[in-house]
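# Tertiary structure, described
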Amino acid sequence: MASAAVLWFGEQMSAVPLRNNKAAASAIRTVTVLGATGSIGDSTMDLLRGARDRFRVEALTANGNAQALAKLAREFNARFAAVADPSKLSELKEALAGTRIECAAGESAIIEAAARPADWVMAAVSGAAGLKPALAAVDRGASVALANKECLVCAGDFFMQRAQTAGARILPADSEHNALFQALSSGNREELVRVIITASGGPFRTWAPADIEQATLEQALKHPNWSMGQKITIDSASMMNKGLEVIEASYLFALTPDQIDVLVHPQSIIHGMVEFSDRSVVAQLGTPDMRIPIAHCLGWPDRIVGPSAKLDLAKIGQLTFEAPDFERFPGLRLAYESLRTGRGATTVYNAANEVAVAAFIAGKIRFGAIARLVEATLNDWIRSGNLAPLTSADDAISVDHNARNRAASLLPQIARKAS
Ligand code: NAD
Ligand code: MG
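Residues numbered from 1 in each chain as written. Chains lettered and ligands numbered in written order. Predicted model: local features only at pLDDT ≥ 70, side-chain atom pairs only at ≥ 80, totals over all residues. Heavy atoms only, no water.

In the contact formed by helix α15 (residues 345-361) and helix α16 (residues 369-383), the axes pass within 8 Å of each other and the chain directions differ by 145 degrees. You can see that α15 and α16 cross each other, and the crossing is right-handed. Touching Ala 345, Val 348, Tyr 349, Ala 352, Asn 353, Val 355, Ala 356 and Phe 360 of α15 are Ile 370, Leu 373, Val 374, Thr 377, Leu 378 and Trp 381, all from α16. Its residues assigned to classes, the contact of α15 with α16 comprises twelve nonpolar, two polar and no charged. (Axes fitted to C-alpha atoms, helices over the stretch in contact; angles between N-to-C directions. Helix = DSSP H or I, 4+ residues; strand = E, 2+ residues; numbered from the N terminus. Left-handed = near helix turned anticlockwise from the far one by under 90°. Contact = heavy atoms within 4.5 Å. Nonpolar A, V, L, I, M, F, W, Y, C, P; charged D, E, K, R; others polar.)

We now examine the domain arrangement of the protein chain. Many descriptions give the size of an interface as the accessible area lost when the pieces come together. Segmentation of the protein chain into domains returns domain 1 (4-174) and domain 2 (326-419). Relative to domain 2, the C-alpha centre of domain 1 lies at a distance of 28 Å. Each partner contributes residues to the interface: domain 1 has ten residues there, and domain 2 has 13 residues. Ranking the residues of domain 1 by area buried against domain 2 places Val 153, Cys 154 and Phe 158 at the top, with a combined share of 54%. The tally of links from domain 1 across to domain 2 stands at one salt bridge. With a shortest N-O distance of 3.6 Å, Asp 394 and Lys 132 are connected by a salt bridge. Put simply, domain 1 and domain 2 have three residue pairs in polar contact (both at pLDDT 80 or more) between them. Sorting the residues of the side of domain 1 that touches domain 2 by element identifies α5 (131-139) and α6 (150-166) as the ones contributing at least two each. The class makeup of the residues in the side of domain 1 that touches domain 2 is seven nonpolar, one polar and two charged. (Domains from an automatic or database assignment. Buried area = accessible area lost by both parts, 1.4 Å probe. Salt bridge = Lys/Arg side-chain N within 4 Å of Asp/Glu carboxyl O. Polar contact = N/O pair within 3.5 Å; in protein donor to acceptor, adjacent residues only side chain to side chain.)

Near ligand 1 you find 22 residues, and of these Thr 37, Ser 39, Ile 40, Asn 63 and Glu 150 are the closest. Measuring from an oxygen atom of ligand 1, one finds a backbone N or O atom of Ile 40 at 2.9 Å. Between ligand 1 and the protein, one listed contact pairs an oxygen atom with a backbone N or O atom of Ala 147 at 3.4 Å. Coverage of ligand 1 by the protein chains reaches 84% of its 830 Å² of free accessible surface. For the shell around ligand 1, the per-class residue count stands at eleven nonpolar, eight polar and three charged. (Near = heavy atom within 4 Å. Areas by Shrake-Rupley, 256 points an atom, 1.4 Å probe, with all protein chains shown as cover.)

Bridging between strand β3 (residues 80-83) and strand β4 (residues 102-105) involves four bridges; their strand directions are parallel. Residue Ala 82 lies in a different strand from β4, and its bridge partner there is Ala 104. Each parallel crossover has a hand, and for β3 linked through helix α3 (residues 89-95) to β4 it is right-handed. (Pairing = 2+ DSSP bridges. Right-handed = clockwise from strand over helix to strand, strands pointing away.)

What follows is about the environment of Val 281. Looking at the secondary structure, you find Val 281 in strand β11 (residues 281-285). Considering only alpha carbons, one finds Val 281 and Ser 338, 57 residues apart in sequence, at a separation of 28 Å. Excluding residues within four positions of it along the chain, Val 281 makes contact with Met 273, Val 274 and Glu 275.

Residue Pro 301 is bonded to the preceding Trp 300 through a cis peptide linkage, with omega at 5 degrees. Locating Pro 301 in the fold gives a position in the loop between α12 (291-299) and α13 (313-316). Even without glycine at this site, Arg 279 takes up a positive phi of about 75 degrees. Topologically, Arg 279 is positioned in the loop between β10 (270-276) and β11. Here Arg 279 falls in the exposed class, since its relative accessible area comes to 59%. (Buried < 20%, exposed > 50% of the residue type's maximum accessible area, 1.4 Å probe, protein only.)

This part is about the pattern of salt bridges. Across all of its chains, the model carries 31 salt bridges by this definition. For Glu 75, the salt bridge goes to Arg 49, with nearest N and O atoms at 2.6 Å. Of this pair, Glu 75 sits in helix α2 (residues 66-76) while Arg 49 is found in helix α1 (residues 39-49), placing the two residues 26 residues apart along the sequence. For Glu 75, a relative accessible area of 33% puts it in the partly exposed group. Here the salt bridges share partners, and the residues they tie into one network are Asp 46, Arg 49, Arg 52, Glu 75, Asp 289 and Arg 291.

Right, here's the structure in full:
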């Protein structure tokens, strides 16, 4: 496995290794996939399927789908398989009977999966539940492909510090951040002016505010370009996902909010750009297929052969751009505000959004109320004087937990209030 974390640009430290210092890659790398049965998990397993000679699977995890997990564990001959839901252990054991695959259940089993020796770990559990397992991989100095943006939004400073201390490499797997990761290596920190992350604008990009307010679940789940899990698809429709990504970029690359711009780009071909002092803008392009950024993380510091479609710009014809609308999509404004506020505010932003999205899916609130609940929770949190730096995972989890309770208690009044 690669040794210490790489310093990035000049004196600014980060655990994201921005220069291609080619580590001596062993012939076969061991990998673990946390959240193997999800959308990112599926793309990761697909890439591993195509490169069996280069990777061996150590551990795979899922929340409750024991059958799907067992099928993957058998296919890849994993050493360890874990489900988060303890009631699914017997089903998992039965499905793996006759194999030598160890299995376990519960939150501690997911953490154990991350802690087992694998060179490379995909952190693709959804939501704040992904924080502790990702930290377990970080703490033993692994290369961690980070899809779970909630880790950074909930506990960004602290997460990146732990990665530096342990010598872990954080490989950004989210498509926009992976694009920045690739583009940033064109210059150094002193030369960086800003980064630009693109947003498709989601299904409601051109909708009037009154229609966005009343949008149904079915409409919110129709993403124009990307096929993803349910939560992130709804976040894309509200542009909360872009808000989470602004916060993610800030922690990953040690950037101030003013150094991060969002640009609406409906075709989702350019994923991220970096502007340097000479006004050169370096971009990463590719078809909207998560296997491209994941393949970059999997191959890093080399590149593997990817199965994704070739980019055909002549066929696409036009790439278009628009400024984001902070009024129709207040979730994006709230992300910048919570990032500027700091001291746990981004944790509150994420927690309140998770509560709001669950309430929207359950039919308890209108689509437009998602951002209102997040804003009300943030204001309530700030008014109550609860802001304080987060110094441990337990701190972050406690703020996350309290913010969820606060959001849940504000929910009935937000649900009653018409826009
Ligand atoms: P998903 O819902 O499709 O899959 C989530 C995975 O995590 C599943 O394997 C599920 O079993 C597991 N899981 C869920 N809750 C768990 C819990 N409490 N404990 C243990 N395991 C649990 O989600 P996804 O779309 O694959 O997204 C995963 C993460 O990657 C999210 O943080 C998301 O924001 C991020 N991400 C996703 C995409 C995408 O294209 N899907 C793109 C960028 C970033
Ligand atoms: Mg993204």
